[in-house]
Amino acid sequence: MSPLATDDDDDYPGVPGGQDGGYYRGDSQAANDDEGGHSDSTEGHDEDDEIYEGEYQGIPRDGSGKAVDGLAGVGSPTGRDGQNFRDMAQFEGERRKDQEELAQQYESILQECGHGKFQWTLYFVLGLALMADGVEIFVVGFVLPSAEKDMCLSEESKGMLGLIVYLGMMVGAFVWGGLADRIGRRQSLLICLSINSVFSFFSSFVQGYSTFLFCRLLSGVGIGGSIPIVFSYYSEFLAQEKRGEHLSWLCMFWMIGGIYASAMAWAIIPHYGWSFQMGSAYQFHSWRVFVLVCAFPSVAAIASLTTMPESPRFYLENGKHDEGWMILKQVHDTNMRAKGHPEKVFSVTTIKTVKQMDELVDMGGDISTLRRYKLKLTSLFQQVNAVELNLFIFLLCFSTSYYGLTVWFPDMIKYIQKQEYASRTKVFTKERVEHVTFNFTLENQVHRQGQYFNDKFINLKMKSMVFEDSVFEECYFEDITSSRSFFRNCTFIATLFYNTDLFQNRIINSKLINSTFLHNKEGCLLDFTDDNNAYMIYFVSFLGTLAVLPGNIVSALLMDKIGRLRMLAGSSVISCVSCFFLSFGSTESGMIALLCLFGGISIASWNALDVLTVELYPSDKRTTAFGFLNALCKLAAVLGISIFQSFVGITKAVPILFAAGALAAGSFLALKLPETRGQVLQ
């Protein structure tokens, strides 16, 4: 009889040889008795003695006297004469049966381990990794207004920089999701976080646009694996009744990452004094300090993760039973000590073995390497093809609408701000100014057909200044810094420009007669016209991220009570209805309120989707499927951002109708997905 004292004991009999591929205490003892010897673990005991409860007896490896059923002839002469490959359908059937038995036993083991200190420690460690993902989404959007001037970016370059992170995360989700099912959750997460932190660090120092773009791409590739790995990793330490709730609580860290990025941008980027430069070749402005600070959550996650073990479920699915047992015992003992019950002993001594896919492709030297890898790749694509079409379409609909709207909101706020700023522009016509010295900031003015004679413009900033069809005669410009300021169709006669940036693209279609430029300012200068607007964008992002807090709390409290599908479909329907209120957002404050409303409602759908995806797929395919679906989300994000941005300042009707229609279709498809509440983790 199995030492695991549960109501399901009959499902896991401890009869020697009774479970194919599973080694129980009776197996080891019988083998030792037949050989007339004793193992170290049983030395000093008589046959009828009670073995100490919780003492692990070890699991015999291949070649210990028990052949794997159906594989005895593989690779042997007899096996080659008969057949090189065992029947794939039979193998998969036996493997699924083993996995189902392991799933039931694993759930019982987690119940015995309890939920306590170990899970909460892992919660905060994995939360840092999820926080790093949240930070990554916001970094480029916050630095783009400064970086575009620092690197002289064109509109096409700015657009590519804004999308490159999503493209990198799309690749990373697929790659790291698949790898985590092969080499382990912990190891894959450490690798992807290391790549993210290294290239985030490099991106804060590189000067050229191409190298910055490359670093942000690889940074996105690294962090792309965090979501599929983190949720799969954490779910494999959670018992059935705690899973939905605690996975939803874990989503809080994505919100914390957004708040962290907004607060750091608000505190750092507008402080242009936090910078230094080495000539005109190397500049390190405050936005680069912000990029550096945003790498801290990833670094902290790496340091914390090194103290945590691998997922025991991964070990058990891959035949490493000793390692899996030791980790489960660690979970049990940690929780029992924290609860004041150190005397409680981990009673499990044997765990079901699952046949390995590698047994199918390890067939000896007569099988070509190409054919072996072909079989492995075929298995990988079978994992991807198992994803339901309904889930595919739902993700496309929901992700396109969500990411499109979350980018459309800030762009609309910027557009409203620009419209308001333009409405305050002062216009001067046919003015004549002589022998005047300007040494103060000139801002938001338009001067047409003016005449300026022997005037001096010294040590000042020009913000959004436009001079059209004007004449400057014997004027002197010294130490001028300009932003969005232009001279169009003007005439300069005997005028000197010293240490200014008023050249090339600042002076358009103008005549220069006996005029001289000396010591022009070199390099790209920061755009300082939007200092206040920058604060507003950071504040808006902060509010929008904070607004998801109620949705996170509600979804966490109700996820295990009403089920994943009701949460997913209900949140999608309410998000769809909220889209129709967007037509009333004609002011800045109105758009901010609608942004917070939409974010707070839609977050429940994301939480339900994360929990559903984790529970929908078996352990050996979980991160592969999750990574594929997350990559699909990022592809939809690129599509949604491109569509919605094209309508900023043109019309509201198209984005609203598009988002509402996509969310309505997604809500309908969500009801066709299977409910996973109350099921063991397959």
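All values derive from a computational prediction rather than experimental measurement.

A. Examining the overall build of the chain more closely. Within the chain, the secondary structure is distributed over 23 helices and 16 strands. Across the 682 residues of the chain, 53% fall into the buried class. Taking as baseline every contact in the chain between residues at least 6 positions apart, the subset at least 24 positions apart corresponds to 67%. For the chain, the exposed area adds up to about 29300 Å²; of that, 58% sits on carbon and sulfur atoms.

B. Representation of the sheet that holds strand S7 (residues 451–453) within the structure. With parallel pairing, 5 strands are arranged side by side in an open sheet as S4-S7-S9-S12-S15. Each end of this open sheet is capped by a strand with a single partner; those strands are strand S4 (432–434) and strand S15 (511–513). Neighbour-to-neighbour, the strand axes of this sheet turn through a mean angle of 5°, independent of strand direction.

C. Here's a closer look at a nonpolar patch on the surface. Together, Val573, Val577, Phe581, Phe584 and Leu597 give the surface a local cluster of nonpolar side chains, amounting to about 480 Å² of exposed area. By the element assignment, Val577 lies in helix H20 (residues 564–579). Look at Val577 and you get partly exposed, because its relative accessible area is 45%.

D. Summary view of the pairing of strand S10 (residues 476–483). Inspection of the sheet shows strand S8 (residues 456–468) paired to S10 by 7 bridges, in the parallel sense. Looking across to S10, one finds that Met462 is bridged to Ser482. Pairing of S10 with strand S13 (residues 496–500) involves 4 bridges; the strand directions are parallel. Looking at the pairing, Phe477 lines up with Phe497 of S13.

E. Examining the packing of helix H17 (residues 389–423) against helix H23 (residues 653–670) more closely. For the pair H17 and H23, interaxial distance at closest approach is 8 Å and the crossing angle is 150°. In terms of orientation, H17 lies roughly antiparallel with respect to H23. The way H17 lies across H23 gives a crossing that is left-handed. Residue-level inspection shows Asn390, Ile393, Phe394, Cys397, Phe398, Thr400, Ser401, Leu405 and Trp408 of H17 in contact with H23, the latter providing Pro655, Phe658, Ala659, Ala662, Leu663, Ala665, Gly666, Ser667, Leu669 and Ala670. In terms of residue class, the contact of H17 with H23 is built from 14 nonpolar, 5 polar and no charged.

F. Spotlight on helix H19 (residues 548–562). Over its 15 residues, H19 extends 20 Å from the first C-alpha to the last, a length consistent with the 21 Å expected when each residue adds 1.5 Å. At Ala556, H19 shows its maximal bend, which comes to roughly 30°. Buried within H19 we find Val548, Gly551, Asn552, Ser555, Ala556 and Met559. Once H19 ends, the next one or two residues include Gly563, with phi positive near 100°.

G. Summary view of the environment of Ile480. Residue position: Ile480 is located in strand S10. With 23 residues separating them in the primary sequence, Ile480 and Phe457 have C-alpha atoms 7.6 Å apart. Leaving out residues up to four positions away in the same chain, Ile480 has contacts with Phe457, Ile458, Asn459, Leu460, Met462, Asn499, Thr500, Asp501, Leu502 and Lys521.

H. Region of interest: the packing of helix H9 (residues 240–250) against helix H21 (residues 588–616). One can describe the packing of H9 onto H21 by two numbers: an axis separation of 9 Å at closest approach and a directional angle of 130°. Regarding the angle of H9 to H21, the classification is oblique. The two elements H9 and H21 cross, and the hand of that crossing is right-handed. Here Arg243, Gly244, Leu247 and Ser248 of H9 come into contact with H21, specifically with Asn607, Val611, Val614 and Glu615.

I. The arrangement of the pairing of strand S6 (residues 442–448) in detail. Where burial is concerned, most of S6 is hidden: 5 out of the 7 residues are buried. One ladder, built from 4 bridges, connects strand S3 (residues 426–429) with S6; its direction is parallel. Across the sheet, the residue bridging to Phe428 is His447, located in S6. Of the strand pairs in this sheet, S6 and S8 are connected by 6 bridges, and their pairing is parallel. The residue bridging Leu442 from the neighbouring strand is Met462, located in S8.

J. Quick look at helix H12 (residues 296–305). Along H12, the residues that are buried comprise Pro297, Ser298, Ala301, Ile302 and Leu305. An end-on view of H12 places all buried positions within 140° of arc, on one side of the element.

K. Layout of the pattern of salt bridges. The tally for this structure, following the rule as stated, stands at 14 salt bridges. A salt bridge links Arg216 to Glu136; the shortest N-O distance between them is 2.8 Å. Taken together, the residues span a long stretch of sequence, with Arg216 in helix H7 (residues 209–223) and Glu136 in helix H4 (residues 117–150) at a distance of 80 residues. Taking relative accessible area as the criterion, Arg216 reaches 1% and is therefore assigned buried. The partner of Glu434 in a salt bridge is Arg432, with the nearest N and O atoms 2.5 Å apart. Note on Glu434: relative accessible area 32%, which makes it partly exposed.

L. Layout of the packing of aromatic side chains. Taken as a whole and assessed by the stated rule, the structure comprises 45 aromatic pairs. Relative to Tyr403, the ring of Tyr402 has its centre 5.3 Å away and its plane inclined at 85°; by these criteria the two rings are edge-to-face. Judged on exposure class, the residue Tyr402 and its partner Tyr403 are both buried. Taken together, a centroid distance of 4.4 Å and an interplanar angle of 10° make the contact between Phe497 and Phe517 stacked. Here Phe497, found in strand S13, pairs with Phe517, found in strand S16 (residues 516–518); they are 20 residues apart in sequence, far enough to count as distant. We classify Phe497 as buried; its relative accessible area is 0%. Through a chain of ring-to-ring contacts, the aromatic side chains of Phe438, Phe440, Tyr452, Phe457, Phe467, Phe472, Phe477, Phe487, Phe492, Phe497 and Phe517 assemble into a single cluster. When the ring centre of Tyr106 is taken as origin, the NZ or CZ atom of Arg313, which lies over that ring, is 4.9 Å away.

M. View of the side chain of Ser203. On the secondary structure map, Ser203 appears in helix H6 (residues 185–203). Dropping the residues within four chain positions of it, Ser203 is found in contact with Phe212, Cys215, Arg216, Arg288 and Val291.

N. Quick look at the environment of Glu478. With respect to the helices and strands, Glu478 occurs in strand S10. When the C-alpha atoms of Glu478 and Leu518 are compared, they prove to be 9.6 Å apart, with 40 residues separating the residues in sequence. Discounting chain neighbours no more than four positions away, the residues touching Glu478 are Phe457, Ile458, Asn459, Tyr498, Asn499 and Thr500. Side-chain polar atoms of Glu478 contact the side chain of Tyr476, separated by 2.8 Å.

O. Here's a closer look at the confidence of the model for the chain. Summing up the model confidence of the chain, the mean pLDDT is 77 and the portion of residues at 70 or higher is 75%. Predicted confidence is poor over residues 359–367, with pLDDT under 50, and the contacts of this stretch with residues over four places away or in other chains come to 21 contacts.

P. Representation of unusual backbone geometry in the model. Phi angles above zero are rare outside glycine, and Asn454 is one such case at about 55°. Examined against the element boundaries, Asn454 turns out to sit in the loop between S7 and S8. Relative accessible area serves as the criterion here: at 31%, Asn454 is assigned to the partly exposed category. Although it is not a glycine, Asn514 sits at a positive phi angle of roughly 55°. Mapping Asn514 onto the fold places it in the loop between S15 and S16.

Cut-off values and rules
- Residues numbered from 1 in each chain as written.
- Predicted model: local features only at pLDDT ≥ 70, side-chain atom pairs only at ≥ 80, totals over all residues.
- Heavy atoms only, no water.
- Helix = DSSP H or I, 4+ residues; strand = E, 2+ residues; numbered from the N terminus.
- Buried < 20%, exposed > 50% of the residue type's maximum accessible area, 1.4 Å probe, protein only.
- Contact = heavy atoms within 4.5 Å.
- Areas by Shrake-Rupley, 256 points an atom, 1.4 Å probe, with all protein chains shown as cover.
- Pairing = 2+ DSSP bridges.
- Axes fitted to C-alpha atoms, helices over the stretch in contact; angles between N-to-C directions.
- Patch = residues over 30% accessible without salt bridge, like charges linked within 9 Å, V, L, I, M, F, W, Y side chains within 5 Å.
- Salt bridge = Lys/Arg side-chain N within 4 Å of Asp/Glu carboxyl O.
- Parallel < 35°, antiparallel > 145°, perpendicular 65-115°, else oblique.
- Left-handed = near helix turned anticlockwise from the far one by under 90°.
- Nonpolar A, V, L, I, M, F, W, Y, C, P; charged D, E, K, R; others polar.
- Expected span 1.5 Å × (residues − 1).
- Bend = angle between axes of the 7 residues up to and from the residue.
- Arc of directions from axis to C-beta.
- Phe/Tyr/Trp six-rings, centres within 6.5 Å; stacked < 30°, edge-to-face > 60°.
- Lys NZ or Arg CZ within 6 Å of the ring centre and 35° of its normal.
- Polar contact = N/O pair within 3.5 Å; in protein donor to acceptor, adjacent residues only side chain to side chain.
- pLDDT = per-residue confidence, 0-100.

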